[in-house]
Amino acid sequence: MFPASRYSIQAQRCIRALKTVKAEHAPPQLYTWRWKCSSAVTPRITSHYTICPRDKDPRWEGVEMERFADEADVVIVGGGPAGLSAAIRLKQLANEQEKELRVCLVEKASQIGAHTLSGACLEPSALNELFPDWKERGAPLNTPVTEDVFSLLTKKYRIPVPMLPGLPMNNHGNYIVRLGHFVRWLGEQAEELGVEIYPGYAAAEVLFHEDGSVKGIATNDVGIAKDGSPKDVFERGMELHAKVTLFGEGCHGHLAKQLYRQFNLRENCEPQTYAIGLKEVWLIDEKKWRPGRVEHSVGWPLNRNTYGGSFLYHLNEGEPLVALGVVVGLDYTNPYLSPFREFQRWKHHPFIAKTLEGGNRIAYGARALNEGGYQCLPKVTFPGGMLIGCSPGFMNVPKIKGTHTAMKSGMLAAEAIFPKVTAKDLASETAGLHVPEYEDNLKKSWIWKELYSVRNIRPSFHNYFGLYGGMVYTGVFYWILRGKEPWTLKHAGLDSAQLKPAKECTAIEYPKPDGKLSFDLLSSVALSGTNHEGDQPPHLTLKDDSIPVTNNLAIYDGPEQRFCPAGVYEYVPLETGEGMRLQINAQNCVHCKTCDIKDPSQNINWVVPEGSGGPAYNGM
């Protein structure tokens, strides 16, 4: 997507290094080595080096592990709205002031936008600031919102809810977009400004200076077999060093998790709480198509104590397309709940089915999203780096919007960084630059004001009346007081701690898919374009291979079988016929991160697979 011929000479050198640096190593040993990270009783599942260290594995003896290193002024992890906005703003400032500034951005997807998924209804405030002439530049905002519909659904009926001016869900002035296409456009703007973009290279490791400050990142190694041994084509990843590294991995980034622990960034905030969003794109009967119409609903099929809702957006892109989906809060308590099957069931509601009947489903995907808001924001600056976008969690939950806040956070980070990295005298107490001004500027920006005003809406649903109590609270305290109430409500805690034992819950009987409105899981995943190199260690790693059976299956009836929206986890009989084992179908993973979040044992650790692996979304 970003041809090498259009890169700078430095970028071309970096690409050549990424593609050609190969480590020489000894031939694979012709003997079997028993892994110390699995017992003789439990079948081995995890073979990733983060769990099973290579220095204890004789198959890696003699393998050359030196990495090529390159230097930049700023390295950005993640090619989403936040990372690209930061990169663009940095180069805008450099060009305005005629200063040399090397900005490198790495993205794990094969193309910019290929891992991006959102509703999406875009509020253009940050875009207006970044590119006031975005219309002339051809930004793909083709569908202004023309109609807002909000509903409370019962099993068979719809209760209309008035969309009053000033309520968070009011979309006047917003645009329905295919966020992957918008992100791809941002990538093109960044490239034109001179940003070096490297799609297909996953940042796998945070690098540190001797003083503990962040030095940069390392991309992942490739050419490792499923059993964890080096292949003949093994290549070491490369290091990218920078004065400052921005982490914009999106919701629940795996490097951000390390940084939270390393720098104790969550010391003064609540644990983040999340939801999973499942989405499809349909081609519908043109007679039912109403371009610009935005529909949201709450209620059925979820019960009043399960937070969630749905959306159905009519796009205006030359053919009768609709984007639709369901969002389910991951603080639900019943281990038998399946977000995917709730989504499929929702499409059979008469109010929804009338739009879809006679249409064809053309795309599917899923992604976790942050829901904690103001109460869950961590410290976002540390020596050598910053957190931007949905990684720390700037989503406005009542609005169901985070693109505008993600973009603005990236822009604020860029504006704080620029004078520091371009100064002749790099005055810093640490080898990696610490730029606390970014957090100060965040707290002075409209992001902070916006998130503070809606801080109590999501936690207000934690009451006996659930959904209904939350709606009343929103109507009274937000619409009247605009978030100025002198208290701040708390969330329930870690989503992983909310499941009740299966014996305390009622199993949910879901209807079989009809193949017209509702579908099975595997045919859905096929529409995501998901693909991974099959012969590589599963990137869904387990800290202890025995826990899924002894804890998750025994107590919670294996909830990972149901909360995963891609069929990655399943329990199958042991070869002996006695007992069960967990099977991980890592090739199905759509990179939603739900398993890492909701696993009641917190035994699953999601890490990046080989670069370019994952979904291949086209404008999701």
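What counts and what doesn't
- Residues numbered from 1 in each chain as written.
- Predicted model: local features only at pLDDT ≥ 70, side-chain atom pairs only at ≥ 80, totals over all residues.
- Heavy atoms only, no water.
- Pairing = 2+ DSSP bridges.
- Helix = DSSP H or I, 4+ residues; strand = E, 2+ residues; numbered from the N terminus.
- Axes fitted to C-alpha atoms, helices over the stretch in contact; angles between N-to-C directions.
- Salt bridge = Lys/Arg side-chain N within 4 Å of Asp/Glu carboxyl O.
- Buried < 20%, exposed > 50% of the residue type's maximum accessible area, 1.4 Å probe, protein only.
- Parallel < 35°, antiparallel > 145°, perpendicular 65-115°, else oblique.
- Left-handed = near helix turned anticlockwise from the far one by under 90°.
- Contact = heavy atoms within 4.5 Å.
- Nonpolar A, V, L, I, M, F, W, Y, C, P; charged D, E, K, R; others polar.
- Arc of directions from axis to C-beta.
- Phe/Tyr/Trp six-rings, centres within 6.5 Å; stacked < 30°, edge-to-face > 60°.
- Lys NZ or Arg CZ within 6 Å of the ring centre and 35° of its normal.
- Disulfide = S-S within 2.5 Å.
- Core = buried A, V, L, I, M, F, W, Y, C linked by side-chain atoms within 4.5 Å.

Novice: In this structure, what is going on with the sheet that holds strand β16 (residues 308-314)? I would like to understand it.
Specialist: With mixed pairing, seven strands are arranged side by side in an open sheet as β6-β5-β15-β16-β17-β14-β18. With one partner strand each, in any of the chains shown, β6 (158-160) and β18 (360-370) form the two edges of the open sheet. Here the strands of the sheet are splayed against their neighbours by 20° on average, with no regard to which way each runs. As paired strands, β16 and strand β17 (residues 321-329) are joined by seven bridges and run antiparallel to one another.

Novice: Would you explain the pattern of salt bridges in this entry?
Specialist: Pairing between side chains of opposite charge can happen when their charged atoms approach one another. One pass over the structure, following the stated rule, counts 31 salt bridges. The salt bridge partner of Arg-102 is Glu-196, with a shortest N-O separation of 2.8 Å. Within this pair, whereas Arg-102 is found in the loop between α2 (81-96) and β2 (103-107), its partner Glu-196 is found in strand β8 (residues 196-199), the two being separated by 94 residues in sequence. In this pair, the class of Arg-102 matches that of Glu-196, namely buried. One salt bridge connects Glu-533 with Lys-231, and the closest N-O pair in it is separated by 3.7 Å. Here Glu-533 is found in the loop between α12 (521-526) and β21 (540-542), whereas its partner Lys-231 is found in strand β12 (residues 230-235), with 302 residues between them in sequence. Of the residues examined, Glu-533 reaches a relative accessible area of 41% and is grouped as partly exposed. Through salt bridges with shared partners, one network takes in Glu-147, Arg-290, Arg-293 and Glu-295.

Novice: Just checking my understanding: could you explain the environment of Val-322 for this structure?
Specialist: For Val-322, the position within the fold is in strand β17. Under the relative-accessibility criterion, Val-322 is labelled buried at 0%. Through-space distance from the C-alpha of Val-322 to that of Phe-382 is 42 Å; in sequence the pair is 60 residues apart.

Novice: Please explain the packing of α2 against helix α4 (residues 179-193) as it appears in this structure.
Specialist: Geometrically, a packed helix pair is captured by the angle between its two axes and the distance between the axes. Two elements in contact, α2 and α4, have axes whose closest approach is 9 Å; the angle formed by their N-to-C orientations is 25°. With respect to α4, the element α2 is oriented roughly parallel. The hand of the α2/α4 crossing is left-handed. In contact with Pro-81, Leu-84, Ser-85, Ile-88, Lys-91, Gln-92 and Asn-95 of α2, α4 contributes Val-183, Leu-186, Gly-187, Gln-189, Ala-190 and Leu-193. Counted by class, the contact of α2 with α4 contains seven nonpolar, five polar and one charged residues.

Novice: Explain helix α9 (residues 437-444) to me, please; I cannot follow it from the model alone.
Specialist: Think of an α-helix as 3.6 residues a turn; residues three or four steps apart then line up on the same face. Listed in full, the buried residues belonging to α9 are Tyr-438, Glu-439 and Leu-442. Around the axis of α9, the buried residues are gathered within 95° of arc, so they sit on the same side. In the core, the buried residues of α9 are packed alongside β19 (381-382), β20 (385-387), α8 (403-421) and α10 (446-453).

Novice: Please clarify how the sheet that holds strand β3 (residues 121-122) should be interpreted in this entry.
Specialist: Reading across the sheet, the three strands line up as β3-β7-β4 and stay open at both edges, with antiparallel pairing between neighbours. For this open sheet the edge positions go to β3 and β4 (143-144), each flanked by a neighbour on one side alone.

Novice: Explain the packing of aromatic side chains here, please?
Specialist: Within a pair of aromatic rings, the relevant descriptors are the distance that separates the centres and the angle that separates the planes. Applying the stated rule across the entire model yields 17 aromatic pairs. With centroids separated by 6.3 Å and ring planes inclined at 40°, the aromatic side chains of Phe-247 and Phe-382 adopt a geometry described as tilted. Placement of Phe-247 in strand β13 (residues 239-247) and of Phe-382 in strand β19 is noted, with a sequence separation of 135 residues between them. Both residues of the pair, Phe-247 and Phe-382, count as buried. Ring plane angle 35° and centroid distance 4.6 Å describe the contact between Tyr-473 and Phe-477, whose orientation is recorded as tilted. Residue Tyr-473 and its partner Phe-477 are both found in helix α11 (residues 467-481); the two are separated by four residues, about one turn of the helix. The exposure class assigned to Tyr-473 is buried, which follows from its relative accessible area of 12%. Counting every residue linked through ring pairs, the aromatic cluster contains Phe-208, Phe-247, Phe-263 and Phe-382. The ring of Tyr-49 has Arg-54 sitting right over it, with the charged end atom 4.1 Å from the ring centre.

Novice: Help me out: how do you make sense of the state of the cysteines in this one?
Specialist: Formally, a disulfide is one covalent bond, and it connects the sulfur atom of one cysteine to the sulfur atom of another. By the definition in use, this model includes zero disulfides. The thiol of Cys-564 is not disulfide-bonded; the next cysteine sulfur, from Cys-592, is found 6.0 Å away. According to the relative accessible area criterion, Cys-564 is buried, its value standing at 7%. Between Cys-595, a cysteine without a disulfide, and Cys-589, which holds the nearest cysteine sulfur, the sulfur-to-sulfur distance is 6.3 Å. For Cys-595, a relative accessible area of 7% puts it in the buried group.

Novice: How should I be thinking about the packing of α8 against α10 in this particular structure?
Specialist: Axis separation between α8 and α10 bottoms out at 10 Å; the angle between their running directions is 145°. In this structure, the crossing between α8 and α10 has a hand that is left-handed. Between α8 and α10, the residues in contact are His-404, Thr-405, Lys-408, Ser-409 and Leu-412 and Trp-446, Ile-447 and Glu-450, respectively. Its residues assigned to classes, the contact of α8 with α10 comprises three nonpolar, three polar and two charged.

Novice: What should I look at first to understand the nonpolar core in this one?
Specialist: Across soluble globular proteins, nonpolar side chains show a tendency to be buried alongside one another. Core analysis: the biggest nonpolar cluster contains 79 residues, and Leu-141, Phe-182, Ile-217, Leu-246, Phe-247, Leu-387 and Tyr-438 have the highest contact counts within it. It is α8 that contributes the most residues to this core, 10 residues altogether. Apart from the residues lying within four places of it in its own chain, the contact partners of Leu-387 are Phe-247, Ala-256, Leu-259, Tyr-260, Leu-265, Pro-378, Lys-379, Val-380, Phe-382, Pro-392 and Tyr-438. Within the second largest apolar cluster, 71 residues are counted, among which are Ile-45, Ile-276, Val-328 and Ala-353.

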